[in-house]
Amino acid sequence: MNRLTGTGATLAIVALSLAFAGAVAAQDKATELRYTTGAPENSPWVTPQLRRFEKDVAEESGGKLKISSFVSAQLGNEQDTVQQVARGRIDMGGFSNGAVALIAPELALLGLPFYFKNVAEQDCTVDAMTKTVSSLLAKKGIKFLGWTEVGTGDIVGKKPYLEPADVKGLKAAAASNKVSATMWTTLGANPTPIGITEIASAFQTGLTDINATVVTFYLPSGLAKVAPVLSRVELSDAPGIILMNKAKYDKLPAAEKAALDRAVARRKADQLRKEIRDFETTLRGMHVKAGGTIATPTPEQRELWRKALQPAWPKMVQDVGGEAASFYKEMEAARVACEKKA
């Protein structure tokens, strides 16, 4: 009997030890955060930016947080995955402003065509809108983590387009939103919604004459081969945003939240923007070296585009809906303040 009792006690101790070891292992196991991006591995959004962020998060959290990245749209295109972040099916990701506008339509106004006089004015204004954007996204179940960069939109085709009159009467490949359609209509072009994967063939078949795009898509996609002239009109600059499901963020222990915040703060938006813009410069150089053409309007010519589209901005704001009117009012106040700072 004593032997049985002793055996039982031994088993109980072993069981308790295993349970304790399991609890310690569970505590030591890192919290995994699944991160999605449509950017390919060899692009600066992934290398160095995302790989560096993974390291920053691991270091700041002492290994308590682990970013598991899915690149090249492995989890789906950004229009779908941004919705999944909002629903909590994916933890976090890096997205273009256009994709995030599917969740909070007001953000589309940050890409209002020719609204900003230059990129510096836009960067200043976007940064000034951070609190408002964070609040809008929080209402949608999303935690705003930081700004990134997508690139500057230009006009591409088979010849230079330096003034608004140059596109009048042409067939334009429009994005599937009212702002894009209104822009082309105001300029006197004829817009047709065309998906980005069909734009190259649309040039080949004559379905379109012009398209507004960023060089980071233009060159890698092969579009430059059928529309070899890039006109550097800088119609808008597309900010990017790092987002996280708010419920997931809120459930993190305070120390892990702070670690994540510190990791994000390690790299300022200006650094990330510069890295992408340097990449754009490299791509433009590659385009010219391959026999392509870059046409650059004078500052006076670019101002003609801005003046042509300014009357259409109120309609674009109205078309966006939601809290667009108040968002635009705040954005304009921030832009004026940035203009005075310059």
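Being a predicted model, the structure only gives us computed values, none of them experimental. (Residues numbered from 1 in each chain as written. Predicted model: local features only at pLDDT ≥ 70, side-chain atom pairs only at ≥ 80, totals over all residues. Heavy atoms only, no water.)

1. Focus: the overall build of the protein
For the protein, the count of helices and strands is 16 helices and nine strands. C-alpha atoms of the protein, sized along the principal axes, occupy 100 × 40 × 30 Å. The 342 residues of the protein split such that 45% are buried. Look at the contacts in the protein between residues 6 or more apart in sequence, and 76% of them connect residues 24 or more apart. Of the accessible surface of the protein, which amounts to about 16,400 Å², a share of 58% is contributed by carbon and sulfur atoms. (Helix = DSSP H or I, 4+ residues; strand = E, 2+ residues; numbered from the N terminus. Buried < 20%, exposed > 50% of the residue type's maximum accessible area, 1.4 Å probe, protein only. Contact = heavy atoms within 4.5 Å. Areas by Shrake-Rupley, 256 points an atom, 1.4 Å probe, with all protein chains shown as cover.)

2. A few points about the environment of K159
With respect to the helices and strands, the residue K159 is situated in the loop between strand 4 (142–157) and strand 5 (171–174). Judged by relative accessible area, K159 falls into the partly exposed class, the value being 47%. Along the sequence, K159 and P239 sit 80 residues apart, while their C-alpha atoms lie 28 Å from each other. With residues up to four places along the chain from it excluded, the contact list for K159 reads V229 and S231.

3. Observations regarding the nonpolar core
Counting residues in each nonpolar core, the largest one holds 52 residues, and the members touching the most others are L109, W184, I210 and F327. Sort the elements by how many residues they give to this core and helix 16 (residues 324–341) lands first, with five residues. Every residue in contact with L109, bar those within four places of it in the chain, is listed here: M316, V317, V320, A324, F327, Y328 and M331. In this structure, L33, Y35, L145 and L260 belong to the second largest nonpolar core, which totals 21 residues. (Core = buried A, V, L, I, M, F, W, Y, C linked by side-chain atoms within 4.5 Å.)

4. Describing the pairing of strand 4
Both faces of the sheet carry side chains from a regular strand, because those side chains alternate between them. With 15 of 16 residues buried, strand 4 lies mostly within the body of the structure. Pairing of strand 4 with strand 8 (residues 229–245), which is carried by 13 bridges, proceeds in the antiparallel orientation. In the sheet register, K143 faces strand 8, and the bridge partner there is M244. Alignment of strand 4 against strand 7 (residues 210–214), held across four bridges, turns out to be antiparallel. Paired with D154 across the bridge in strand 7 is T213. (Pairing = 2+ DSSP bridges.)

5. A few points about the environment of N118
Of note, N118 is situated in the loop between helix 4 (97–100) and helix 5 (119–128). Residues N118 and M183 lie 65 residues apart in sequence; the distance between their C-alpha atoms is 18 Å.

6. A closer look at the pattern of salt bridges
What the rule picks out here adds up to 25 salt bridges. For E41, the salt bridge goes to R51, with nearest N and O atoms at 2.6 Å. In this pair, E41 sits in the loop between strand 1 (31–36) and helix 2 (45–60) while R51 sits in helix 2, placing the two residues 10 residues apart along the sequence. A residue is classified by how much of its surface remains accessible, and E41, at 36% relative accessible area, is partly exposed. Close ionic contact of E60 with R266 constitutes a salt bridge, the shortest N to O distance being 2.9 Å. Of this pair, E60 sits in helix 2 while R266 is found in the loop between helix 12 (254–265) and helix 13 (269–289), placing the two residues 206 residues apart along the sequence. (Salt bridge = Lys/Arg side-chain N within 4 Å of Asp/Glu carboxyl O.)

7. With respect to the packing of helix 15 (residues 313–320) against helix 16
Look at helix 15 against helix 16: their axes get within 8 Å of each other, and the N-to-C directions meet at 135°. Put simply, helix 15 runs oblique to helix 16. Contacts between helix 15 and helix 16 involve W313, V317 and V320 from the first element and A324, A325 and Y328 from the second. Among the residues forming the contact of helix 15 with helix 16, the class breakdown is six nonpolar, no polar and no charged. (Axes fitted to C-alpha atoms, helices over the stretch in contact; angles between N-to-C directions. Parallel < 35°, antiparallel > 145°, perpendicular 65-115°, else oblique. Nonpolar A, V, L, I, M, F, W, Y, C, P; charged D, E, K, R; others polar.)

8. A closer look at helix 13
Here helix 13 contains 21 residues, and its C-alpha end-to-end distance of 30 Å stays within 8% of the 30 Å for a straight helix at 1.5 Å per residue. Within helix 13, burial applies to A269, L272, R273, I276, R277, E280, L283, R284 and H287. Relative to the axis of helix 13, the buried residues are bounded by an arc of 125° and lie together on one face. For helix 13, the exposed residues lying more than 90 degrees away from the buried face are D270, K274, T281 and K289. (Expected span 1.5 Å × (residues − 1). Arc of directions from axis to C-beta.)

9. Remarks on helix 16
Between its terminal C-alpha atoms helix 16 stretches 25 Å, which fits the 26 Å expected from 18 residues at 1.5 Å a residue. Listing the buried residues of helix 16 in full gives A324, F327, Y328, M331, A334, R335 and C338. Down the axis, helix 16 shows its buried residues gathered within 130° of arc, on one side only. With respect to the buried face of helix 16, the exposed residues turned more than 90 degrees away are A325, K329 and K340. Buried residues along helix 16 sit against helix 5, helix 6 (130–138), helix 14 (299–309) and helix 15.

10. Some points on the packing of aromatic side chains
Inspection of the entire model under this criterion finds seven aromatic pairs. Taken together, the ring pairs connect Y115, F116, W313 and Y328 into an aromatic cluster. Just above the ring of Y115 sits the side chain of R335; from NZ or CZ to the centre is 5.6 Å. (Phe/Tyr/Trp six-rings, centres within 6.5 Å; stacked < 30°, edge-to-face > 60°. Lys NZ or Arg CZ within 6 Å of the ring centre and 35° of its normal.)

11. Description of the confidence of the model for the protein
Scored by pLDDT, the protein has a mean of 91; 92% of the residues are at 70 or more. Every residue in residues 11–26 is under pLDDT 50, and counting partners more than four places away or in other chains gives zero contacts. (pLDDT = per-residue confidence, 0-100.)

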